[in-house]
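Each chain is listed here by its residues.
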Amino acid sequence: MASDAMNTWNKQGVETLSTEQEEVKREGIQKRTHPHGVRRKEILGRYPDISKFMGYHPMSFFYIVWVVLLQLFAGTFVKNANGLVVFLMAYTVGAVCDHALYVLIHDATHNLVFKSSFWNRISLLVANLPHVFPSAILFRFYHIQHHIELNLPEKDPDVPMDWEAKWVGNSSFRKAFWLANFAIFQSVRMLFYTHKVPVGKELKWVIVNWVTNLGFAFGLYQVFGLKYLFYLLISSVFSVGLHPLGARWIAEHYPTQPFQSTYSYYGGGNRVSFNIGFHNEHHDFPSIPWHKLPLLKKLAPEYYDTLFAHPSYTMLLWDFIMNPKWDLLSRFDSEKLRTE
C-alpha cells in the first residue's frame, strides 16, 4: 500500500528530488534499514491519503521575497548606529529573518516551492542574498545526502568529523564556541567530505551562487556602507549559531534525550521558522511542504505523540552547553544504538 500511494503521487507529475525513493534504494545497497523507512511505510499503509499532502507550495516564494525585503530594510536602521545596537539588532531581528530564510532554502532544496527544479534553484539564490556568504546551492547538494545517509559518519555531511567531535568534547566553553561558529565548522567540514562532491550542472549552479551573492553584497556595500554589510553578515552567523533558533541544529539529530534518530520541536519558534521543528515528520516525508507538516502530525498522532519532542530551544541550548554528559560524539553513537 505504501508503494501504491507513492506511485499515485508520482503520476501527478510533481518534479521532486524524491529522497524517500533514494533512501529505499540505499537500503538495498547498504543492507541497512533507513531510520525513517519503517515508520514511513506504516503511516502510508494506514493513511494512504497522506500522499495528497506531498507536492509544492509556490506561496513560499512570496515569503522568501517578503523576508528578504524585511531583512534588507531592517539593515537601514543600523548603518549609522553604534556597534552595540548593530549586534543587538542582528541578534533579535536579523537572526530571526535569516533563520526563516534558511528554512525556506530548505524547502526549495527539496523542490517544494515550484514544480520546476530551475525555479526552485532561483528561489534558493534569492533567499540566500541577505546571508552574504553564498551557501544555498551547496546546502541543497549536501542536504540531500544528509537525508539519504542519515547519521552515517563520513557519509552524512551533517555528522561532525571525528577530529571535530573529539576537539569539542564535553567542555562547555568549546561547545559554546563550536555552536557560535557553526557556519565556519560546517564549511571546514565540507573540505574533508569526499563521499560525494558537486560536479557538472551542480558545480555551475555553485558558481552562479557565488557570483550572485558576492555581486549583490558589493552593490549593498556601495550603496549602504560597510556597517550595513556587517549587520547582514553577523545576522547570518547568529541565525545558525549561539542563538535559541540556532539550537535547532542540536535539536534535530543530536541524542540529548532518550535515543531517537531525529527529534521534533513543537514550540512557538515554529511560528517564525516555517514549521522546521516538525522534523520527524519532515524526515518521514521529505516531499511534504512546511505548511502541511502539522496536518501530518494531526492525522497520525499515534506515530508522533509517542516520540520525545523538545519543548524549548532555549532550554536545550542551555542544557547542551552546560551538561557535561552531552557532546558531539553522541552523534557517532546514535547509529550504533539504532542498529543494536
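Just above sits the structure.
Residues numbered from 1 in each chain as written. Predicted model: local features only at pLDDT ≥ 70, side-chain atom pairs only at ≥ 80, totals over all residues. Heavy atoms only, no water.

## Observations concerning the side chain of Asp-98
Now for step 1: Counting through the fold element by element, Asp-98 comes out in helix H5 (residues 83-109).
Now for step 2: At a separation of 3.0 Å, a polar atom in the side chain of Asp-98 contacts the main-chain amide nitrogen of Ser-236.
Now for step 3: With near-sequence residues (within four places) excluded, Asp-98 lies in contact with Gln-71, Pro-130, His-131, Leu-232, Ser-235, Ser-236 and Ser-239. (Helix = DSSP H or I, 4+ residues; strand = E, 2+ residues; numbered from the N terminus. Polar contact = N/O pair within 3.5 Å; in protein donor to acceptor, adjacent residues only side chain to side chain. Contact = heavy atoms within 4.5 Å.)

## Concerning a nonpolar patch on the surface
Now for step 1: A contiguous nonpolar surface patch, about 400 Å² in accessible area, is contributed by Met-59, Phe-62, Trp-66 and Leu-70.
Now for step 2: If you trace the backbone, Leu-70 turns up in helix H4 (residues 59-75).
Now for step 3: A relative accessible area of 34% places Leu-70 in the partly exposed class. (Patch = residues over 30% accessible without salt bridge, like charges linked within 9 Å, V, L, I, M, F, W, Y side chains within 5 Å. Areas by Shrake-Rupley, 256 points an atom, 1.4 Å probe, with all protein chains shown as cover. Salt bridge = Lys/Arg side-chain N within 4 Å of Asp/Glu carboxyl O. Buried < 20%, exposed > 50% of the residue type's maximum accessible area, 1.4 Å probe, protein only.)

## Remarks on the pattern of salt bridges
If the charged atoms of two oppositely charged side chains come close together, the side chains can form a pair.
Now for step 1: Per the stated rule, a full pass over the model turns up 9 salt bridges.
Now for step 2: The residue Arg-39 makes a salt bridge to Asp-284 at a minimum N-O spacing of 2.7 Å. One end of the pair, Arg-39, is in helix H3 (residues 37-46); the other, Asp-284, is in helix H14 (residues 279-284), with 245 residues separating them in the sequence.
Now for step 3: For Asp-284, a relative accessible area of 0% puts it in the buried group.
Now for step 4: Across the pair Lys-166 and Asp-162 runs a salt bridge whose closest N-O atoms are separated by 3.1 Å. Linking Lys-166 with Asp-162, this pair stays in helix H8 (residues 162-168), spanning 4 residues, or about one helical turn.
Now for step 5: Its relative accessible area of 55% is what places Lys-166 among the exposed residues.
Now for step 6: Among the charged side chains, a network of salt bridges with common partners joins Arg-121, Arg-140 and Glu-202.

## What to know about the environment of Asp-284
Now for step 1: C-alpha separation for the pair Asp-284 and His-147, spaced 137 residues apart in sequence, amounts to 9.9 Å.
Now for step 2: Of note is the side chain of Asp-284, whose polar atom sits 2.6 Å from the side chain of His-36.

## Some words on the packing of aromatic side chains
Now for step 1: One pass over the structure, following the stated rule, counts 27 aromatic pairs.
Now for step 2: Aromatic side chains Phe-141 and Tyr-142 sit 5.2 Å apart centroid to centroid with 85 degrees between the ring planes, which places their arrangement in the edge-to-face category.
Now for step 3: Residue Tyr-142 is classed as buried on the basis of its relative accessible area of 11%.
Now for step 4: Geometrically, the ring pair formed by Phe-173 and Phe-177 is stacked, given 6.3 Å between the ring centres and 25 degrees between the ring planes. In this pair, Phe-173 and Phe-177 are both assigned in helix H9 (residues 172-180), 4 residues apart and thus about one turn of the helix distant. (Phe/Tyr/Trp six-rings, centres within 6.5 Å; stacked < 30°, edge-to-face > 60°.)

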